[in-house]
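Listed below, chain by chain, are the residues.
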Amino acid sequence: MDVAVIGAGQAGLAVAYHLRDLGPRVALVDAGPRAGGAWQHRWPSLTLGRTHSLADLPGMRAAGLSFSDADPRVPARDTVPELMSRYEEAYGLHVARPVRIVRVTRESGRFVIEAAPGGPVPRLEARAVVNATGTWTAPRVPELPGRDTFAGRQITTAGYPGAHAFAGLRVAVVGGGLSALGFMDELAPVASALRWYTRRPPVIRDDASSELGFARGRAAVEAQDAAALAGQLLPSIVSVTGIPLTPPVRRLKARGLLDSHPMPVRMVPDGLVETDGSVWAADAIIWATGFDHALDHLEPLGIRGADGGVRVDQGRVVGQPGLILAGYAGQASTVSAARAARTSARHVREHLSGAADWPA
Ligand SMILES: Cc1cc2nc3c(=O)[nH]c(=O)nc-3n(C[C@H](O)[C@H](O)[C@H](O)COP(=O)(O)OP(=O)(O)OC[C@H]3O[C@@H](n4cnc5c(N)ncnc54)[C@H](O)[C@@H]3O)c2cc1C
């Protein structure tokens, strides 16, 4: 192969779209059972109407498809995979599934890409790799003493089954982002008690004009890209944008549930020990504490620096000719991933032609 694209969510498909003239020289593989990237795994109550909005993939309109035409009341886990499947078909983007890549190494200038056993493609060799594996499989949970002793239920955002599973329970929601607030909004009518914990006091923006929201979103993308270029760990988006006063946030405010508590200091079998030493009794804890990029399979390439970050310049991994991270850092939203895909495809072509001036 000339190119292996690992991951066929929005980021991977967008780059594959711009490389489709290379035809069968591009291999596109994905660990999931069907089209849709992480969206096929989102919780059932997350409709498109409750998301920020999804940017269309390149060429989507021309194929008569658009996320903005989809019914906002239907679960995103149904609509998005359906539209992405039709997109793959419209542009002949053949995705080998389920193929979970477990290890990428380099031998004599080529990447050797090994998959978990049992899938249709055991191994690939390619001159360039576009890694677009998203974050969904790498939820982050803070290390809190005693976490394993907690007798109740603990889940992360990726395992949220819907509010019905928490009816009548005392639930702690941890995390300062929009997912945490979305869960709180759903849980408020059914949980017997609800408590919100955040690492730092949340900044609620009630001045959310679209220009300000756009400017803050751009600042967040720039902060992420600057950290990536410096090889640092990525800052959280919400630490830059703050929380906009959306309808769910307004509802929480009206219920008096927007006062967050500082992170607990440790956990005990029946709850969370707070900073003043008191215990908040909990039946369940939802860790909505963000995600890392899922890059474990790239570890053999030694791409991480001393502090754990990866140096990335416009998607190109510095010092790793031919290795692109799509959907990474500032490209992690659908708008920016779609925009960056053309540039990533150009970098791939330049690398294949030997004309690339890869950052070292
Ligand atoms: C709850 C939630 C809501 C969001 N809402 C929005 C929104 O409204 N608007 C927006 O723009 N963004 C939103 N985002 C950001 C979101 O991450 C992007 O929209 C988009 O899903 C990212 O696309 P991606 O292709 O980078 O990753 P993904 O959609 O996660 O796709 C990655 C693909 O890689 C595959 N994969 C992973 N590991 C491997 C492996 N080892 N081998 C092979 N394949 C692998 C996975 O199966 C998956 O198909 C949201 C994120 C979350 C968590």
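See the structure shown above.
In what follows, the accompanying structure is described. In this text, all values refer to a predicted model and were calculated from it rather than measured experimentally. Per-chain numbering applies: the sequence of each chain, read as written, is numbered from 1 onward. Given that this is a predicted model, residues contribute local features only at a pLDDT of at least 70 and side-chain atom pairs are listed and counted only at 80 or more, while totals for whole chains, interfaces and linings are drawn from all residues. In computing side-chain values, all of the structure's heavy atoms are included and hydrogens and water are not.

## Observations concerning the overall build of the protein chain
Line of reasoning, step 1. Each helix and strand counted, the protein chain has seven helices and 20 strands in total.
Line of reasoning, step 2. Each radius of gyration reported is based on C-alpha atoms, and the globular scaling rule is 2.2 Å times the count of residues to the power 0.38. Relative to its length of 360 residues, the protein chain is compact, with a C-alpha radius of gyration of 21 Å against a globular reference of 21 Å.
Line of reasoning, step 3. Whether two residues are in contact is decided by their heavy atoms: any pair within 4.5 Å suffices. Expressed as a percentage of contacts within the protein chain between residues at least 6 apart in sequence, the contacts between residues at least 24 apart total 66%.
Line of reasoning, step 4. Taken as two groups, the 38 positive and 34 negative side-chain charges of the protein chain have centres that lie 2 Å from each other. Only DSSP runs of H or I reaching four residues or more are called helices, and only runs of E reaching two or more are called strands; each is numbered from the N terminus. Counting rule for charge: Lys and Arg are taken as positive, Asp and Glu as negative, and neither His nor the chain ends is counted. In this description, the location of a charge corresponds to atom NZ of lysine, CZ of arginine, CG of aspartate or CD of glutamate.

## A look at empty space enclosed by the protein
Line of reasoning, step 1. Lining residues are defined by having an atom within 4 Å of a point belonging to a cavity or pocket. Those points lie on a 1 Å grid over the protein atoms alone, cavities being sets where a 1.4 Å probe fits but cannot get out and pockets being open sets with protein on both sides within 12 Å along at least five of seven lines. Grid points are joined across faces, edges and corners, and a volume is the space filled by probe spheres set on the points. Counted by the stated rule, this structure contains three cavities of 30 Å³ or more.
Line of reasoning, step 2. Forming the walls of the largest cavity are Asn131, Ala132, Thr133, Gly134, His293, Ala294, Leu295, Leu325, Ala326 and Tyr328.
Line of reasoning, step 3. Each residue receives one of three labels: charged for Asp, Glu, Lys and Arg, nonpolar for Ala, Val, Leu, Ile, Met, Phe, Trp, Tyr, Cys and Pro, and polar for the others, Gly being one of them. Looking at the lining of the largest cavity residue by residue, the classes come out as six nonpolar, four polar and no charged.

## Describing the packing of aromatic side chains
Line of reasoning, step 1. To pair, rings of Phe, Tyr and Trp, with the six-membered ring standing in for Trp, must have centres within 6.5 Å; the planes then decide the type, stacked if under 30 degrees apart, edge-to-face if over 60, and tilted in the middle. As enumerated under the stated definition, the model contains eight aromatic pairs in all.
Line of reasoning, step 2. Ring-pair connections join several aromatic residues into one group, and the members of that group are Trp43, Tyr160, Phe166 and Phe183.
Line of reasoning, step 3. Cation placement over rings: the criterion is NZ of Lys or CZ of Arg within 6 Å of the ring centroid and within 35° of the ring normal. Across from the ring centre of Tyr17, 4.0 Å away, lies the NZ or CZ of Arg20, which sits over that ring.

## What to know about helix α1 (residues 10-18)
Line of reasoning, step 1. Each residue is assigned to one of three classes by its accessible area relative to the maximum for its type, calculated with a 1.4 Å probe on protein chains only: buried under 20%, partly exposed between the two thresholds, exposed over 50%. When you tally the buried positions in α1, you get nine out of nine residues, the bulk of the element.
Line of reasoning, step 2. When α1 is considered as a whole, its buried residues turn out to be Gln10, Ala11, Gly12, Leu13, Ala14, Val15, Ala16, Tyr17 and His18.
Line of reasoning, step 3. Summarising the contacts, the buried residues of α1 are in contact with β1 (3-6), β2 (26-29), α2 (76-90), β3 (95-96), β7 (128-131) and α7 (334-353).

## A word on the side chain of Glu274
Line of reasoning, step 1. Here Glu274 lies in the loop between β15 (271-273) and β16 (279-281).
Line of reasoning, step 2. Using a relative accessible area of 9% as the deciding quantity, one classes Glu274 as buried.
Line of reasoning, step 3. Ignoring any residue separated from it by four or fewer positions in sequence, one finds Glu274 in contact with Arg195, Tyr197, His261, Pro264, Val265 and Trp280.

## Here's the deal with the environment of Gln232
Line of reasoning, step 1. Inspection of the secondary structure puts Gln232 in the loop between α4 (210-229) and α5 (237-241).
Line of reasoning, step 2. As for Gln232 and Gly309, which are separated by 77 residues in sequence, their C-alpha atoms are 4.5 Å apart.
Line of reasoning, step 3. Here Gln232 is in contact with Ala227, Asp307 and Gly309, once residues within four sequence places are set aside.

## Some details on the nonpolar core
Line of reasoning, step 1. Take the buried Ala, Val, Leu, Ile, Met, Phe, Trp, Tyr and Cys residues and link them wherever side-chain atoms come within 4.5 Å; each set so joined is a nonpolar core. Ranked by internal contacts, the top residues of the largest apolar core, which has 67 residues, are Val3, Leu13, Tyr87, Tyr160, Leu187, Leu194 and Ile286.
Line of reasoning, step 2. A per-element tally of this core places α1 first, with six residues.
Line of reasoning, step 3. Once residues lying within four places of it in the same chain are set aside, the contact partners of Val3 are Leu19, Leu22, Arg25, Val26, Ala27, Ala126, Ala128, Val130, Val348 and Leu352.
Line of reasoning, step 4. Ranked by size, the runner-up nonpolar core spans 27 residues in total, among them Ala27, Leu295, Leu298 and Ala329.

## Regarding the pairing of β2
Line of reasoning, step 1. Neither face of β2 is exposed, since Val26 and Leu28 on one face and Ala27 and Val29 on the opposite face are all buried.
Line of reasoning, step 2. One requirement defines pairing of two strands: DSSP has to find at least two bridges between them. Of the pairings in the sheet, the one linking β1 to β2 comprises four bridges and is parallel in character. In the strand pairing of β2, Val5 is matched with Leu28.
Line of reasoning, step 3. Here a crossover is taken to be right-handed if, once the strands point away from the viewer, the path from the first strand over the helix to the second is traced clockwise. In the classification by handedness, the crossover that spans β1, the intervening α1 and the parallel β2 is right-handed.
Line of reasoning, step 4. Taken together, the two bridges between β2 and β3 define a ladder with parallel strand orientation. From the neighbouring strand, Leu28 faces β3, where its bridge partner is Val95.
Line of reasoning, step 5. Tracing the backbone out of β2, into α2 and back to the parallel element β3 gives a crossover that is right-handed.

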